Amino acid sequence: MVFRGYTYTNATDAQAAVQQCDIYYGIPKSPDDVTQHWTAYEYSQNDNIYFILFDESLLPVLGEPIEFDVNLEEEI
Amino acid sequence: MPSKIFRKIFPGWNGGTYIDRASVNVPPLLLDLYPGASAAYSTRKLDQNYTGYALQVRRVSDNATLDIGFVNNEFDSIAFQTFISGTTGRVSIWYDQSGNGRNLTNGTALEQPKLTIVNNKYALAFESSNGTRLISGVTNAIATNGIYSTFGVGLIFNTTGNKILFHQDQGSVRIGQWFKVTGASNNSVVFSNNDTTNANDISFNSSPYSMNMLSLIRKTSSAELWVNGFTNGSTPASGTPSYSAGNMGGIYVGRRTLGEAYDGLSPELILYPADMTTDRLAIETNIRNYYGF
């Protein structure tokens, strides 16, 4: 499955990217808010890759996205 | 969505102003008449005795939030429109009206569904591109004897790939699923998967932008699917339910994994931990009359 977004080779870098976005957008607005992060990262076990899906709001923080292919299909 | 598509699907829409129809959501409300739901989510009030809110909305422009309730048993649209004031609102909490506290939430801003209007009713918009979803961390909405009934409304934008609107699982075992769309055949499949090895499917044809009311009743030895009030077949529910109260997962609405993200709208989902065959038609009539299809 092809996605647009940002890829990382380890969880630490992905967490840092999420934190950058939180700081930029002032999330959480208060400690008790339901909304604790602006974006989230995912991990594809099949591809051993961490990634954040693209949203226009991420452009000023994370820059231009790339396209990447990950295998997220699950057998049901 | 282009207005011509809405006109085709919803003839009552005249291009900008919906034609009002008489409200059918007058007391006694749906859960007053048919109590016992283990989880109930809607943009309308479902229980006269429910004193909580419908939704918590986050205003995207400044991340402020507001709990929004009901006026005359309808979603308080004035409070919502005043709050977002022409901007965008996303749903951070979809409150459970059953009294069981199984509120659906998402702590990630971009994964929260937007709130939109369809057929003159507010609905949550789940977008596969952002992987929007809501999750209840409170478990055991489905009875541990494996019997349950689900009622709800969904409108699919995109029928390519797996699209799961609702599901609950125990670890890797999916207990109930709606709108698992396979391939490009517009062939929607509802799962009733109640054990560790057997997946039971009932198929029905769905087209993009079509609104459907689905009722899935999982009985002791079979599962039945009803679409828009008509039977859509049944399947033997083979296997003995193996899950237990101790390790059943929460409710997922919108997706479980990114590869299964739903792409569409839903204004209402109601789950009973029981076989509601006796009341099915009455519940469906209430839902269909309210949503006007």
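Values in this document were obtained by computation on a predicted structure and should not be read as measured data.

Caption draft 1: Molecular detail of the overall build of chain A. Within chain A one finds two helices and four strands. The order of α-helices and β-strands along chain A, N terminus first, is β-α-β-β-α-β. The burial tally for chain A puts 42% of its 76 residues in the buried class. Here the contacts in chain A between residues at least 6 apart in sequence split such that 61% fall between residues at least 24 apart. A total of about 4500 Å² of accessible surface is found on chain A, and carbon and sulfur atoms cover 46% of it.

Caption draft 2: Expanded view of the overall build of chain B. Counting secondary structure elements, chain B contains four helices and 20 strands. Burial status across chain B gives 58% buried among its 293 residues. A sequence separation of at least 24 residues applies to 66% of the contacts in chain B between residues at least 6 apart. Of the roughly 10500 Å² that chain B leaves accessible, carbon and sulfur atoms contribute 49%.

Caption draft 3: View of the sheet that holds strand 2 (residues 42–44) of chain A. Residue and element names in this part refer to chain A. An order of 2-3-1-4 is seen for the four strands of this open sheet, with the pairing classed as antiparallel. What marks the edges here is a single partner per strand, and that holds for strand 2 and strand 4 (66–69). The average undirected angle you get between the axes of adjacent strands in this sheet is 60°. Packed on one face of the sheet, helix 1 (residues 11–25) meets strand 1 (2–8) and strand 3 (49–53) and runs near 15° to strand 3.

Caption draft 4: Representation of the pairing of strand 1 of chain A. Residue and element names in this part refer to chain A. In this sheet, strand 4 lies alongside strand 1 in antiparallel orientation, the contact comprising four bridges. Opposite Gly5, over in strand 4, you have Ile66 as the bridge partner. Where strand 1 meets strand 3, four bridges bridge the pair, whose relative direction is antiparallel. For Gly5, the partnering residue across the bridge sits in strand 3 and is Leu53.

Caption draft 5: Representation of the packing of aromatic side chains. Across all of its chains, the model carries 17 aromatic pairs over all chains by this definition. Note on Tyr41 of chain B and Trp94 of chain B: the rings are 5.7 Å apart at their centroids and 45° apart in plane angle, and the pair reads as tilted. Taken together, the positions of Tyr41 of chain B in strand 1 (residues 39–42) and Trp94 of chain B in strand 6 (residues 89–94) put the pair 53 residues apart, joining distant regions of the chain. For Tyr41 of chain B, a relative accessible area of 2% translates into the label buried. Through pairs of rings, three or more aromatic residues link up here, namely Phe3, Phe51 and Phe68 of chain A. A cation sits over an aromatic face here: Arg44 of chain B above Tyr290 of chain B, 4.5 Å from the ring centre. Note that Arg280 of chain B overlies the ring of Trp226 of chain B, its terminal NZ or CZ placed 3.3 Å from the centroid.

Caption draft 6: Quick look at the environment of Asp279 of chain B. Residue and element names in this part refer to chain B. With respect to the helices and strands, Asp279 occurs in helix 4 (residues 277–291). The class for Asp279 is partly exposed, based on a relative accessible area of 26%. When the C-alpha positions of Asp279 and Tyr34 are compared, they lie 7.4 Å apart, and in sequence the two are 245 residues distant.

Caption draft 7: A look at the environment of Tyr50 of chain B. Within the fold, Tyr50 of chain B resides in the loop between strand 1 and strand 2 (55–59). Since its relative accessible area comes to 13%, Tyr50 of chain B is described here as buried.

Caption draft 8: Spotlight on helix 3 (residues 77–84) of chain B. Residues and elements named next belong to chain B. Of the residues making up helix 3, those classed as buried are Phe80, Phe83 and Ile84. Within helix 3, the buried residues cover an arc of 85° as seen down the axis, which keeps them to one side. Exposed residues pointing more than 90 degrees away from the buried face of helix 3 are listed as Ile78 and Thr82. Looking at the buried positions of helix 3, the neighbouring elements they touch are strand 2, strand 3 (65–68), strand 5 (74–75), strand 6, strand 8 (114–118) and strand 9 (121–126). Where helix 3 terminates, the next one or two residues include Ser85, which has phi positive at roughly 45°.

Caption draft 9: Structural context of helix 1 of chain A. Residue and element names in this part refer to chain A. For helix 1, which comprises 15 residues, the first-to-last C-alpha distance of 21 Å matches the rise-based estimate of 21 Å (1.5 Å per residue) to within 8%. Here helix 1 has its buried residues at Ala11, Ala14, Ala17, Val18, Cys21 and Asp22. Along the long axis of helix 1, the arc covered by the buried residues comes to 140°, so they all point the same way. Turned more than 90 degrees from where helix 1 packs its buried face, Thr12 and Ile23 sit exposed. Where helix 1 is buried, its residues meet strand 1, strand 3 and helix 2 (59–62). You can read the cap of helix 1 off the contacts: a side-chain oxygen lies 3.2 Å from the backbone nitrogen of Thr12, and it is on Asn10. With its phi angle positive at about 70°, Gly26 sits one or two positions after the end of helix 1.

Analysis parameters
- Residues numbered from 1 in each chain as written.
- Chains lettered and ligands numbered in written order.
- Predicted model: local features only at pLDDT ≥ 70, side-chain atom pairs only at ≥ 80, totals over all residues.
- Heavy atoms only, no water.
- Helix = DSSP H or I, 4+ residues; strand = E, 2+ residues; numbered from the N terminus.
- Buried < 20%, exposed > 50% of the residue type's maximum accessible area, 1.4 Å probe, protein only.
- Contact = heavy atoms within 4.5 Å.
- Areas by Shrake-Rupley, 256 points an atom, 1.4 Å probe, with all protein chains shown as cover.
- Pairing = 2+ DSSP bridges.
- Axes fitted to C-alpha atoms, helices over the stretch in contact; angles between N-to-C directions.
- Phe/Tyr/Trp six-rings, centres within 6.5 Å; stacked < 30°, edge-to-face > 60°.
- Lys NZ or Arg CZ within 6 Å of the ring centre and 35° of its normal.
- Arc of directions from axis to C-beta.
- Expected span 1.5 Å × (residues − 1).
- Polar contact = N/O pair within 3.5 Å; in protein donor to acceptor, adjacent residues only side chain to side chain.

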